[in-house]
Amino acid sequence: MTTTPTKKGSAAVQARRVLVLNSGSSSVKYQLLDMNDRSRLAIGLVERIGETTSRLLHTPLTGGDAETRERTGRIADHAAALKAAAEELAADGLGLDSPELAAIGHRVVHGGLRFTEPTVVTDEVLKEIERLVPVAPLHNPANITGIRTAQAMRPDLPQVAVFDTAFHTTMPEYAARYAIDVETADAHRIRRYGFHGTSHAYVSRKAAELLGRAPEEVNVIVLHLGNGASASAVAGGRCVETSMGLTPLEGLVMGTRSGDIDPAVTFHLKRVAGMSTDEIDVLLNNKSGLVGLCGDNDMREIRRRIDEGDERAALAFDIYVHRLKKYIGAYSAVLGRVDAVVFTAGVGENSAPVREAAIAGLEELGLVVDAGLNVVRSGEPRLISPNYARVAVAVVPTDEELEIADQTFALVGRAESDGQEMPVGQVDN
Ligand code: ADP
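Residues numbered from 1 in each chain as written. Predicted model: local features only at pLDDT ≥ 70, side-chain atom pairs only at ≥ 80, totals over all residues. Heavy atoms only, no water.

J.: Is there a simple way to think about the overall build of the protein chain in this case?
T.: Within the protein chain one finds 15 helices and 16 strands. By the compact-globule yardstick of 22 Å for 429 residues, the protein chain fits well, its C-alpha radius of gyration being 22 Å. If one aligns the C-alpha atoms of the protein chain with their principal axes, the spans along those axes are about 55 × 50 × 50 Å. Within the protein chain, the proportion of its 429 residues that are buried is 50%. Sequence-distant contacts, at least 24 apart, represent 64% of the contacts inside the protein chain between residues at least 6 apart. (Helix = DSSP H or I, 4+ residues; strand = E, 2+ residues; numbered from the N terminus. Rg over C-alpha atoms; globule rule 2.2 N^0.38 Å. Buried < 20%, exposed > 50% of the residue type's maximum accessible area, 1.4 Å probe, protein only. Contact = heavy atoms within 4.5 Å.)

Shown next as C-alpha cells:
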C-alpha cells in the first residue's frame, strides 16, 4: 500500500485546538479540545435538526462552573446547526475562525476496506466515502453532510475523517468473510467490517495501561455496551474478531437491534408475514433488542421493572446477558489466552448487575467479579475482579471524542513536523 500526498498542510504552527464533529442524520455532537493538555474547552449537541423542535445544548468548560445554554426552535439543516454551534463557541471566545484551530476531526462510520487509518479529506476521499453509502445508508450520508458543512465554514483547515471500521481492518480474512458465495460477496462488498472501532481501540489500549503492560503484550475482550453494542477480541493491540458485521445489526442484543438471528427469519417475515424489506429493516434495527423484548431499551428502567417483579423485563435481561456470555466464551477461544475482559459505554460502565450476570459462572475461564468492587461508582478505569483471579475484569470509560481528537491532531501534527504534505489514505483496495 502506498500513500499519496495531495494536500498541503495549512495549520498554523501554534494551532493546537481540534474540533470533533459527530454528525448523525438528525443531530450533530461537537467537542472542542485543547491538545496542549487534551482538555475540553466546550461540548455541545444539536438535535432534531429539520424539525420545529430542534434544540441546541452548549456547555463551555473553560470557566469554573460548567453551565449549559439551550437554544430551541427550528434549525433547518446541518449547515444551520454548525453555524449555531459556531456562534455559541464564539460567544465563549472560542470562535471557529480562530487561528488556534488546527483541524476538524469527523467521525465517519463506514470506511470500507480502504480506510485503515485516519485520513485527511480530499474530494477523492469524499467520493470514496460516498461510494460506501450502500453499505452504510443511515450513517455515511450524514457524515458526508457534516464534512461538507465544515469545509464550507473553514475551507483552509484540514478536515480529518476517523473511521469506525478502521480498527477492525486487521481482522484475519477467515474472521471477516461470511461463508457465502465468494463472487456474490465480492461483487457487493459483503463482509464483516465491524463498528465502534474508535472505542474498541481506545478502551483496549487503556485496559493494557490499567494492567501496567504494553498493548502489544495483552489479549483483551472489549464489551462496548451502549444503546448499540459490540464485542471485540484484541490480541496484542490488534483486533482479530468483532461482533458487528456488514452493518451494526449483527452480534450482541442491543437497545433496539436484534443482534444475531437466523437470516432465514427475514425470508420468513417476507413470505409468511408479508412484510416489505423496509419494514423488516425497521423491525430488526429499531423495534427489536431490549425494546422489542420488553418495551424499554434503558437498562436502568429494565432493572427497576425487574425489582418490581416484571417477568418480561427479567426475560429481556436474561436474553441480553446470555448473548454476552456466548461472546465472552467464543472470544476466549479465539484469543486462546485472555488477560482482561473490559466493560465500557453506557451499560458497561454503569450497570453492575449486567457485569455481574455476564461473568457469573465463568470461573472455569478464570473470570470472577468481586461484588464489592463491582458496585463502586467511578469515572476512572478500574478492576472489578479480585486479586487472585487469573483473568482481570475491568471497567474502562470510553472516550471516542478524545480518541478522534488525538488521531486527528497526530495526523496533522505529523504532516507539520515533516514540514510538508499530509497523507490522504491508501490508494489501492
Ligand atoms: P450510545 O452512545 O450508543 O447512544 P451510551 O453508551 O450513551 O449509548 O449508552 C446509553 C445506554 O446506557 C442507555 O440506553 C442505558 O441503557 C445505559 N445506561 C446509562 N446510564 C446507566 C446507568 N446508570 N445504569 C444502567 N444503564 C445505564
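On we go.
J.: What am I meant to see in the sheet that holds strand S6 (residues 69–72) here?
T.: Note on sheets: strands pair through backbone hydrogen bonds, and any given pair is parallel or antiparallel. Taking strand neighbours across the sheet as the criterion, the eight strands line up as S6-S5-S4-S3-S2-S7-S9-S8 in an open arrangement whose pairing is mixed. Of all strands in the sheet, those with a lone pairing partner are S6 and strand S8 (119–120), marking the two edges. Relative to strand S4 (residues 39–47), strand S3 (residues 28–34) runs antiparallel, the two sharing seven bridges. In the sheet register, tyrosine 30 faces S4, and the bridge partner there is glycine 44. In the packing of helix H1 (residues 78–91) onto the sheet, contacts are made with strand S2 (17–23), S3, S4, strand S5 (55–60) and S6, and the angle to S3 comes to roughly 35 degrees. (Pairing = 2+ DSSP bridges. Axes fitted to C-alpha atoms, helices over the stretch in contact; angles between N-to-C directions.)

J.: Teacher, can you tell me more about the packing of aromatic side chains here?
T.: Aromatic ring pairs: the centre-centre distance and the angle between the two ring planes describe each pair. The tally for this structure, following the rule as stated, stands at two aromatic pairs. Considering the side-chain rings of phenylalanine 115 and phenylalanine 163, the 4.5 Å spacing of their centres and the 5 degrees angle between planes classify their relative orientation as stacked. One end of the pair, phenylalanine 115, is in the loop between strand S7 (101–108) and S8; the other, phenylalanine 163, is in strand S9 (residues 159–163), with 48 residues separating them in the sequence. The exposure class assigned to phenylalanine 115 is buried, which follows from its relative accessible area of 1%. Here tyrosine 327 and tyrosine 331 contribute two aromatic rings whose centre-to-centre distance is 5.5 Å and whose plane-to-plane angle is 90 degrees, an arrangement assigned as edge-to-face. With tyrosine 327 and tyrosine 331 both in helix H11 (residues 311–335) and four residues apart, this pair spans about one turn of that helix. For arginine 303, the ring lying beneath its charged end belongs to phenylalanine 317, and the centroid distance is 4.6 Å. (Phe/Tyr/Trp six-rings, centres within 6.5 Å; stacked < 30°, edge-to-face > 60°. Lys NZ or Arg CZ within 6 Å of the ring centre and 35° of its normal.)

J.: Would you explain the side chain of glutamine 159 in this entry?
T.: Looking at the secondary structure, you find glutamine 159 in strand S9. Of the residues examined, glutamine 159 reaches a relative accessible area of 2% and is grouped as buried. At 3.5 Å, the side chain of glutamine 159 and the backbone oxygen of alanine 150 are in polar contact. Once residues within four sequence positions are removed from consideration, glutamine 159 is found in contact with Ile104, His106, Thr119, Val120, Val121, Ile147, Ala150, Gln151 and Arg154. (Polar contact = N/O pair within 3.5 Å; in protein donor to acceptor, adjacent residues only side chain to side chain.)

J.: Before we go on, may I ask you to explain the sheet that holds strand S12 (residues 238–242) in this structure?
T.: The strand order across the open sheet built from six strands is S12-S11-S10-S13-S15-S14, with neighbouring strands paired in mixed fashion. Edge positions in the sheet fall to S12 and strand S14 (382–383), since each has one partner strand and no second. Bridging between strand S11 (residues 229–235) and S12 involves four bridges; their strand directions are antiparallel. Its bridge partner being in S12, alanine 233 is matched across the sheet by glutamate 241. Against the sheet, helix H6 (residues 197–210) makes contact with strand S10 (219–225), S11, strand S13 (340–344), S14 and strand S15 (392–395), and its axis sits at roughly 130 degrees relative to S10, the strand it touches most. Sitting on the sheet, H11 touches S10, S11, S12 and S13, and the angle it makes with S10 is about 160 degrees.

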